[in-house]
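# Remarks on the overall topology
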Amino acid sequence: MASSTFLSLLLFALLTTFHPSLQQNTLQRSFPLTSAPLSDTSAFKARYISSLAAGSSSAPFGYNYHSSFKYSMALIVSLPIGTPPQTQKMVVDTGSQLSWIQCHRKSPRQQPPQAPFDPSLSSSFSVLPCNHPLCKPRIPDFTLPTTCDQKRLCHYSYFYADGTLAEGNLVREKFTFSNSQTTPPLILGCATDSGEAEGILGMNLGRLSFISQARVPKFSYCVPQRVRRDMVSPTGGFYLGHNPNSNTFKYIKLLTFPKSQQTPNFDPLAYTVGLAGIKIGGKKLNISAAVFRPDTTGSGQTMIDSGTQYTFLVDAAYARMREEVVRLVGPKLKKGYVYGGSLDMCFDGDAVEIGRTIGDMAFEFDNGVEILINKEKILDEVGDGVHCVAIGQSESLGVASNIIGNFHQQNLWVEFDMNNRQIGFGAADCSKSG
C-alpha cells in the first residue's frame, strides 16, 4: 500500500460453509480505482472468518457509476462510506473477507481522499459491544482474536508475518452511494493502528465479505497494462453488478469441494478454479492436472487473487516451468539473484529479446478458456534494469496453493459471478475501461 512489494497479506483460516445464495437486493455500480504498491508487510493476507450479522435489506441499484483507477501493484478503490459519505481508499482483495478502514479523527493537514474515516462525522456509525456474538472468541467460524477493550467494545488485533500490527474495533457502517441508495450497515474493521495508508475491501466468498453483506451478485475489474518506464500509471475500471462488456466474456465454473476437503492447506473462501495446464511458446508443459487440484491435504488449490501481484505455483508445477525457461534462456539467467525472496528467474540485458526467446505463455482452464500472456509481458522490471519472470514458488510464501495474481490479469476483464458460481474472462484494452 505504501511501499513497493508484490506480496499481499495472507492469513488462512478454516471454515466449512461457502457463500450464501445472493439472489436479492443486488448492487450494480462501478467505482474509480487507484492502484498503488502494496506495503512491505508480508506474504500473508488477512482472511477473516465470521458470521454475517443481520442487517436491513437495501434496494437494488439500477445504475452504474464508472470512473478510472491507476494501477501499479495493488488495486485501490475509492468508496463513499458513512452518512454523510467520507471517501476512503481500500485495496480490492478477492483473497480477504473482513473489510477494514483507517478510522480516527482527521488531522487538519490531511485532505480527502487521504484522510482517515472520522466516526464522529457519521450518523450511521456504530460500534460492536463486547457482548455481540462476533466478539466471542469461541465462535467456531470466527478465528480472528477479539478482546473486550476498556470501553467494553469489541477489539481485534493481528500481526502480519513481518510483525506489522493492525488493530481496532469491529463496527457497523454503511456505504453511501447516494442519498437514496446505501448498503445496509455492514460489519467492518475500524483500524486505529495498522501501519497502512489504505484499508482492505474484502471480496472473497466468506459471509462477512463486502459482497456477501451488501448482497452483490457479481463484480468485475479490468487491470491495465503497467509499463514502469512510462512513470505514469495507466487506468482501468471496476464494476459492482452488471458489466456491459460481459457478453464477450468466456466463463469457467468455480470449483466446490466437500467439507472433508477443507483441510489446513485449503481455503474454502477463495475463488477456486480448474487450471488444466500451462503452455510456454505454444508447448504444453508436462505437468499433471492433479497438481492444480487440491489433494487430501488441501495442497494444490488454484485461485484467482486480485490482492497478490505475481503468480505463484506449487513445487511440481514451478519446477517444470523453471526447467523450460532454463532450457530456452538459461545462459542469460542472473545467477544467485532472487527478487523479494520469491522470483529467481531474473535477467540483466534486453528484456524484449529474452521475452521473445521464451515466447507467449498461457494458463489453460476447463472448457478451453485460457489466459494468454504475451511474450512482451513475460518479464517484469523489478528495478536497476533487472527483469524477472513474474512467477514464483508458492513455498516462498509459506503456502501450498497456485495463485494467479493481478500481474497476469492485465488487459483482461475478470468477472466474479456469485449467482452462477463462475468467473468470466474477456480480453480488453483496460486503459480504455475507465
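The protein chain is annotated in an unreviewed UniProt entry as Aspartic proteinase PCS1-like from Salvia divinorum. Per UniProt, the protein chain has the following entry under Sequence similarities (unreviewed entry): "Belongs to the peptidase A1 family."

Across its full length, the protein chain carries three helices and 30 strands. Within the protein chain, the proportion of its 434 residues that are buried is 58%. Taking all contacts inside the protein chain whose residues are at least 6 apart in sequence as the whole, residues at least 24 apart take part in 74%. A total of about 16900 Å² of accessible surface is found on the protein chain, and carbon and sulfur atoms cover 51% of it.

Let us now look at unusual backbone geometry. With an omega of -5°, the peptide bond running from Thr83 to Pro84 counts as cis. On the secondary structure map, Pro84 appears in the loop between β6 (74-81) and β7 (86-93). Here the phi dihedral of Arg152 falls at roughly 65°; this positive angle occurs in a residue that is not glycine. If you check the backbone angles, Asn411 has positive phi at about 55° while not being a glycine. Asn411 gets classed as partly exposed once you look at its relative accessible area, which sits at 25%.

So, on to the sheet that holds strand β26 (residues 386-389). Read across the open sheet, the three strands follow the order β22-β26-β25; overall the sheet is antiparallel. The strands lining the two open edges of the sheet, one partner per strand, are β22 (346-347) and β25 (379-383). For β25 and β26, the ladder comprises four bridges, and the chain directions are antiparallel. Bridge assignment links Gly383 to a residue of β26, and that residue is Val386.

This next bit is on the environment of Gln410. Along the chain, the position of Gln410 falls in the loop between β28 (402-404) and β29 (412-417). Look at Gln410 and you get buried, because its relative accessible area is 13%. In the structure, Gln410 is positioned 186 residues away from Pro224 in sequence and 5.2 Å away in space, judged by C-alpha atoms. Excluding residues that lie within four positions of it along the chain, Gln410 makes contacts with Tyr71, Val223, Pro224, Gln225, Arg226 and Lys377.

Quick look at the state of the cysteines now. This structure, assessed with the given rule, holds five disulfides. One disulfide bridge connects Cys346 with Cys388, the sulfur atoms lying 2.0 Å from each other. Here Cys346 and Cys388 share a disulfide; its torsion about the S-S bond, 105°, makes the bridge right-handed. Linking Cys346 in strand β22 with Cys388 in strand β26, this pair joins segments that are 42 residues apart in sequence. Residue Cys346 shares its accessibility class with Cys388, and that shared class is buried. Among the cysteines of the protein chain that take part in disulfides, numbered as they appear in the sequence, the pairing is 1-6, 2-4, 3-5, 7-10, 8-9.

Two elements in contact, helix α2 (residues 315-329) and helix α3 (residues 351-358), have axes separated by 9 Å at closest approach and are oriented at 115°. The interaxial crossing formed by α2 with α3 has right-handed handedness. Residue-level inspection shows Val325, Leu328 and Val329 of α2 in contact with α3, the latter providing Ile354, Thr357 and Ile358. Taken together, the residues that form the contact of α2 with α3 break down as five nonpolar, one polar and no charged.

On the secondary structure map, Asn131 appears in the loop between β9 (126-127) and β10 (146-148). The exposure class of Asn131 is exposed, given its relative accessible area of 58%. For the pair Asn131 and Cys148, spaced 17 residues apart in the sequence, the C-alpha separation amounts to 8.9 Å.

Our next topic: the sheet that holds strand β18 (residues 275-280). The four strands lie next to each other as β19-β18-β23-β24, forming an open sheet whose pairing is antiparallel. The sheet is open, and its two edges are formed by β19 (283-284) and β24 (370-373), each paired on a single side.

Turning to the pattern of salt bridges, a few remarks are in order. Under the defined criterion, the tally for this structure stands at 14 salt bridges. The residue Glu376 makes a salt bridge to Arg356 at a minimum N-O spacing of 4.0 Å. Within this pair, whereas Glu376 is found in the loop between β24 and β25, its partner Arg356 is found in helix α3, the two being separated by 20 residues in sequence. A residue is classified by how much of its surface remains accessible, and Glu376, at 44% relative accessible area, is partly exposed.

What counts as what
- Residues numbered from 1 in each chain as written.
- Predicted model: local features only at pLDDT ≥ 70, side-chain atom pairs only at ≥ 80, totals over all residues.
- Heavy atoms only, no water.
- UniProt positions renumbered as here; feature names shortened; annotations may be inferred.
- Helix = DSSP H or I, 4+ residues; strand = E, 2+ residues; numbered from the N terminus.
- Buried < 20%, exposed > 50% of the residue type's maximum accessible area, 1.4 Å probe, protein only.
- Contact = heavy atoms within 4.5 Å.
- Areas by Shrake-Rupley, 256 points an atom, 1.4 Å probe, with all protein chains shown as cover.
- Pairing = 2+ DSSP bridges.
- Disulfide = S-S within 2.5 Å.
- Axes fitted to C-alpha atoms, helices over the stretch in contact; angles between N-to-C directions.
- Left-handed = near helix turned anticlockwise from the far one by under 90°.
- Nonpolar A, V, L, I, M, F, W, Y, C, P; charged D, E, K, R; others polar.
- Salt bridge = Lys/Arg side-chain N within 4 Å of Asp/Glu carboxyl O.

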